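Structural description and commentary
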Amino acid sequence: MRSLRKHTFDAVLLAVAVLCFVLMLIASNDPVPESLRNTPVHAFLKQFTTGNQIVFDLAVGVLAAIFMYYLVVRVPEESKRRRVRDSLRSTYESCKEVCTAIYLGCFMPSYPADLPRALSDMTRFREFFKEDFSSGQTKWDAVANGLTEDRLRALVVELELLMQEIHFALTSVDVRDPNALRFLKHLSRALYRSKNWSTDYDSTKSLLGFLWSFHTGWSWVDGYRPTDPVADMIAAI
């Protein structure tokens, strides 16, 4: 349904262009090619009884307008939209990897270099950090215990970079999908609040709750979602 809404305008313009092209052929003063004479197509292309020049000029004008619209407006706009979307996706993926590396550093003195990238997958992240770290403590609990001021500042920097990239995307292109626009604005506000996080108990609890949702797709309404909601909304830009 979202794809249908996105391309409705293009479909309408295509239909108008096809109609104008047919009208242009009918109203044209050029003779019908020999190969089409005495065929059903020849009968269909028979000129109107009056007003052929007006119809021809209007049809050509509309076709020219549609062509110029795509050449001057739509093609550059879509090219820019693609660049902005790719940049935001890259920043989002980088943010998740760097943040995951910070979490791992809270309780692991060393780890495989490719582990942060592997844990970018929501399911693997959830399964990994739900594993037991010690008696009565999961690895995510260990992250809370090992979160120092320096690590917190590093997290805030990464989240601010993502927030700035979201702001740039929202101001650079027209986000057609209302759900994506609403979601990204909400995420931007949540990221902005990260500036006020500290390492005290209440702040750390709030911070880790947000970060768990950020990495696993958890929400109180939908639970764990089957796909990455942030990546889905970025793709809808």
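Refer to the structure above for everything that follows.
Notes on the structure follow.

**What about the overall build of the protein?**
Helices and strands together make up the secondary structure of the protein, namely 10 helices and four strands. Counting helices and strands in the order they occur from the N terminus, the protein gives α-α-α-α-α-β-β-α-α-α-α-β-β-α. Taking 237 residues into account, the globule formula puts the C-alpha radius of gyration at 18 Å, and the protein, at 28 Å, lies well above it. Projected onto its principal axes, the C-alpha positions of the protein cover 90 × 35 × 30 Å. Within the protein, the proportion of its 237 residues that are buried is 36%.

**Brief notes about the packing of aromatic side chains**
For the structure shown, the criterion picks out 17 aromatic pairs. Ring centres of Phe129 and Trp140 lie 5.4 Å apart, and the angle between their planes is 80°; this geometry places the pair in the edge-to-face category. Within this pair, whereas Phe129 is found in helix α5 (residues 122-129), its partner Trp140 is found in helix α6 (residues 139-146), the two being separated by 11 residues in sequence. Across the pair, Trp140 and Phe129 agree in class, each one buried. By the ring-pair criterion, three or more aromatic residues cluster together here, those being Tyr103, Phe107, Phe125, Phe128, Phe129, Phe133, Trp140 and Trp212. Just above the ring of Tyr224 sits the side chain of Arg126; from NZ or CZ to the centre is 4.4 Å. Above the face of the Phe128 ring, Lys139 is positioned so that its terminal group lies 3.7 Å from the ring centre.

**Digging into the environment of Leu187**
You can see Leu187 is positioned in helix α8 (residues 178-192). Judged by relative accessible area, which is 7%, Leu187 ranks as buried. For the pair Leu187 and Phe9, spaced 178 residues apart in the sequence, the C-alpha separation amounts to 29 Å. If near-sequence neighbours (up to four positions away) are discounted, Leu187 is found in contact with Ile166, Phe210, Phe214 and Val230.

**Quick notes on helix α3 (residues 52-105)**
Each α-helix winds once per 3.6 residues, and so residues spaced three or four apart point in a common direction. With 54 residues, α3 should cover 80 Å at 1.5 Å per step; its first-to-last C-alpha distance of 77 Å lies within 8% of that length. Within α3, the axis deviates most sharply at Tyr70, by approximately 40°.

**Concerning the pattern of salt bridges**
When the charged atoms of two side chains lie near each other, side chains of opposite charge can form a pair. Evaluation of the coordinates by the stated rule reveals 12 salt bridges. Taking the shortest distance from any N to any O, the salt bridge between Arg176 and Glu77 comes out at 3.4 Å. With Arg176 in the loop between α7 (149-172) and α8 and Glu77 in helix α3, the pair connects residues that are 99 residues apart, well separated along the chain. Here Lys96 and Asp228 are joined by a salt bridge, their closest N and O atoms 3.2 Å apart. Here Lys96, found in helix α3, pairs with Asp228, found in the loop between β4 (223-224) and α10 (229-235); they are 132 residues apart in sequence, far enough to count as distant. Each of the salt bridges in this network shares a partner with another, and the network as a whole consists of Asp10, Arg74, Glu77, Glu78, Arg81 and Arg176.

**Structural notes on a nonpolar patch on the surface**
Taken together, the side chains of Phe67, Met68, Leu71, Val72 and Val73 present a nonpolar region at the surface, about 480 Å² in accessible area. Of note, Val73 is situated in helix α3.

**Considerations on the state of the cysteines**
Scanning the model with the defined rule gives zero disulfides in all. Unpaired in terms of disulfides, Cys99 finds its nearest cysteine sulfur in Cys95, a separation of 4.0 Å. Residue classification places Cys99 among the buried positions, given a relative accessible area of 0%. Note on Cys106: no disulfide assigned, nearest cysteine sulfur contributed by Cys99 at a separation of 11 Å.

What counts, and where the lines are drawn
Residues numbered from 1 in each chain as written. Predicted model: local features only at pLDDT ≥ 70, side-chain atom pairs only at ≥ 80, totals over all residues. Heavy atoms only, no water. Helix = DSSP H or I, 4+ residues; strand = E, 2+ residues; numbered from the N terminus. Rg over C-alpha atoms; globule rule 2.2 N^0.38 Å. Buried < 20%, exposed > 50% of the residue type's maximum accessible area, 1.4 Å probe, protein only. Phe/Tyr/Trp six-rings, centres within 6.5 Å; stacked < 30°, edge-to-face > 60°. Lys NZ or Arg CZ within 6 Å of the ring centre and 35° of its normal. Contact = heavy atoms within 4.5 Å. Expected span 1.5 Å × (residues − 1). Bend = angle between axes of the 7 residues up to and from the residue. Salt bridge = Lys/Arg side-chain N within 4 Å of Asp/Glu carboxyl O. Patch = residues over 30% accessible without salt bridge, like charges linked within 9 Å, V, L, I, M, F, W, Y side chains within 5 Å. Areas by Shrake-Rupley, 256 points an atom, 1.4 Å probe, with all protein chains shown as cover. Disulfide = S-S within 2.5 Å.

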